[in-house]
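Structure at a glance
Listed here are the chains, written in short residue letters.
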Amino acid sequence: MLVAARMQGIALEHSCRTGRCGVCKARVLAGVTEPLQVEDSLTQDERSRGIILTCCRTAVTDIELDIEDLGELGNVEVKTLPCRIHALHMLSDDVVEVALRLPPTSPLHYLPGQYIDIIKGGIRRSYSIANAPRDDGRIILQIRKVPDGEMSRYWFEEAKENDLLRLEGPLGTFCLRQTQVSQLVLLATGTGIAPIKAILQQLAKSAGVNTYRKIHVYWGGRVEKDLYWTPDFPEFDMNYVSVLSRSLNSSGAQGYVQDAVIAAGINLQDAVVYACGSESMIESARNKLIAAGLGPENFHSDAFVSSN
Ligand SMILES: Cc1cc2nc3c(=O)[nH]c(=O)nc-3n(C[C@H](O)[C@H](O)[C@H](O)COP(=O)(O)OP(=O)(O)OC[C@H]3O[C@@H](n4cnc5c(N)ncnc54)[C@H](O)[C@@H]3O)c2cc1C
Ligand code: FES
């Protein structure tokens, strides 16, 4: 259903496309659908209320869905393109930054926050784009080494400048939406900061996009060296808080990003939250922040679920 809708220029909310993250949940109002794969992230209660995962199902008849209109995203064309590694640069012991060069005749048009799939031989993995669109068309990725990971082995042991890869994208619907609220809360763990960085660059570049009175950025890692970047955007009023779960933090908070947001007393009824990173952070942040007053429609997420 996700692919069929896209072919008709309609963007449906999605992230992992494998049934794991639950972002593509939609209620069927009319018509018949059929599962093509297991809908892992649906509860029994959701199933009984007619909720489905559009990434896992096909339509058997014409259907009517209760979904948000994602407007602009429907016009974003998904392409498969060749690309070459332009540069590789270690950001920390276990995170590498990869700059990709695309053919000058085939630029990738995307919205900050979206991700691409990298295809190498028979392997395909998803990575968020860590930059807002640039004049030179480069795409920057921030990739964490996963122990015994198939694609990690390539990035950390074999990859070199000028290697030829393929990408498919842009994918995902994790990008800024228009809202009436005044507080923008951006949450990340680990390399989940990549799409947040792209969104912050977009806010800094285009004055019209920033309709918020205050922007809060909470970035979590286990220890200080996991936080390999310091957001610095004099263009807007930003409150950056680093959050460490496994060591003392002299300059930020201790524990988990979702708890730090609640402890800070941000008025969540007047906020929109974008959360990116581990599945556990996203699930906990969704539950806790909604319980603390955030409108469920104002929680957006991209979970870095495993591709296999
Ligand atoms: C929408 C989306 C965006 C993503 N963006 C990024 C990004 O910007 N940067 C980035 O570093 N990663 C990102 N990921 C995760 C990435 O796609 C891969 O899953 C990850 O890099 C591991 O791939 P691999 O081939 O090295 O490991 P695999 O061979 O796939 O896995 C090896 C083992 O590690 C486990 N594993 C794999 N991935 C994870 C994970 N994320 N968390 C916990 N356990 C895991 C597997 O279950 C398996 O047991 C994203 C994932 C999604 C769905
Ligand atoms: S469960 Fe469908 S996009 Fe993640």
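Residues numbered from 1 in each chain as written. Chains lettered and ligands numbered in written order. Predicted model: local features only at pLDDT ≥ 70, side-chain atom pairs only at ≥ 80, totals over all residues. Heavy atoms only, no water.

1. Some points on the overall build of the chain
- In terms of regular secondary structure, the chain is built from six helices and 17 strands.
- Expected size for 308 residues packed as a compact globule is a radius of gyration near 19 Å; at 19 Å, the chain falls within 12% of this value.
- For the chain, the C-alpha atoms occupy an extent of roughly 55 × 50 × 40 Å along the three principal directions.
- By residue count, 52% of the 308 residues in the chain fall in the buried class.
- For the chain, the exposed area adds up to about 15,000 Å²; of that, 47% sits on carbon and sulfur atoms.
- In the chain, the 31 positive side-chain charges and the 37 negative ones have mean positions that sit 4 Å from each other. (Helix = DSSP H or I, 4+ residues; strand = E, 2+ residues; numbered from the N terminus. Rg over C-alpha atoms; globule rule 2.2 N^0.38 Å. Buried < 20%, exposed > 50% of the residue type's maximum accessible area, 1.4 Å probe, protein only. Areas by Shrake-Rupley, 256 points an atom, 1.4 Å probe, with all protein chains shown as cover. Lys, Arg positive; Asp, Glu negative; His and termini not counted. Charge placed at Lys NZ, Arg CZ, Asp CG, Glu CD.)

2. Structural notes on the pairing of strand β14 (residues 238–244)
- With five of seven residues buried, β14 lies mostly within the body of the structure.
- Pairing of strand β13 (residues 214–221) with β14 involves seven bridges; the strand directions are parallel. Bridge pairing in β14 places Val 217 opposite Tyr 240.
- Examined bridge by bridge, β14 and strand β15 (residues 253–254) share two bridges and lie parallel to one another. The residue of β15 that forms the bridge with Val 243 is Ala 253. (Pairing = 2+ DSSP bridges.)

3. Details of the site of ligand 1
- In the region of ligand 1, 21 residues are neighbours, and Arg 125, Ser 126, Arg 144, Met 151 and Ser 152 sit closest.
- At 3.0 Å, a backbone N or O of Ser 128 approaches an oxygen atom of ligand 1.
- Between ligand 1 and the protein, one listed contact pairs an oxygen atom with a backbone N or O atom of Met 151 at 2.8 Å.
- When the free accessible area of ligand 1 is taken as 910 Å², the share hidden by the protein chains comes to 79%.
- Of all elements in the fold, only β9 (123–128), β10 (139–144) and α3 (150–158) reach the threshold of two or more residues within the shell around ligand 1.
- Of all the elements, β9 adds the most residues to the shell around ligand 1, at four residues.
- A per-class count over the shell around ligand 1 returns eight nonpolar, 10 polar and three charged.
- Looking at which domains feed residues into the shell around ligand 1, each of domain 2 (77–171) and domain 3 (183–304) supplies at least three. (Near = heavy atom within 4 Å. Polar contact = N/O pair within 3.5 Å; in protein donor to acceptor, adjacent residues only side chain to side chain. Nonpolar A, V, L, I, M, F, W, Y, C, P; charged D, E, K, R; others polar. Domains from an automatic or database assignment.)

4. Brief notes about the pattern of salt bridges
- By the definition in use, this model includes 18 salt bridges.
- For Glu 46, the salt bridge goes to Lys 25, with nearest N and O atoms at 2.9 Å. Residue Glu 46 is located in helix α2 (residues 44–48), and its partner Lys 25 is located in strand β1 (residues 25–30); the two are separated by 21 residues in the primary sequence.
- Take Glu 46: its relative accessible area is 12%, and that puts it in the buried class.
- With a relative accessible area of 33%, Lys 25 lands in the partly exposed category.
- One connected set of salt bridges, linked through shared partners, spans Arg 17, Asp 117, Arg 124 and Glu 168. (Salt bridge = Lys/Arg side-chain N within 4 Å of Asp/Glu carboxyl O.)

5. Things to note about the packing of helix α5 (residues 257–264) against helix α6 (residues 279–291)
- Across the interface, α5 lies against α6 with an axial gap of 8 Å and an inter-helix angle of 25°. Our classification of the angle between α5 and α6 gives roughly parallel. Contacts between α5 and α6 involve Val 257, Gln 258, Asp 259, Val 261 and Ile 262 from the first element and Met 281, Ser 284, Ala 285, Lys 288 and Leu 289 from the second.
- In terms of residue class, the contact of α5 with α6 is made up of six nonpolar, two polar and two charged. (Axes fitted to C-alpha atoms, helices over the stretch in contact; angles between N-to-C directions. Parallel < 35°, antiparallel > 145°, perpendicular 65-115°, else oblique. Contact = heavy atoms within 4.5 Å.)

6. Some details on the domain arrangement of the chain
- The assigned domain composition of the chain is domain 1 (2–72), domain 2 (77–171) and domain 3 (183–304).
- For domain 1 versus domain 2, the distance between C-alpha centres works out to 28 Å.
- In this complex, domain 1 contributes six residues to the contact, which on the side of domain 2 involves seven residues.
- With both sides pooled, the region where domain 1 packs onto domain 2 buries about 460 Å², and carbon together with sulfur makes up 44% of that total.
- On the domain 1 side of the contact with domain 2, Arg 6, Arg 17 and Glu 72 bury the most area, a combined 74% of that side's loss. (Buried area = accessible area lost by both parts, 1.4 Å probe.)

7. As for the side chain of Thr 179
- Looking at the element boundaries, Thr 179 is found in the loop between β11 (164–171) and β12 (183–189).
- Its relative accessible area of 18% is what places Thr 179 among the buried residues.
- Here Thr 179 is in contact with Thr 211, Tyr 212, Val 272 and Asn 298, once residues within four sequence places are set aside.

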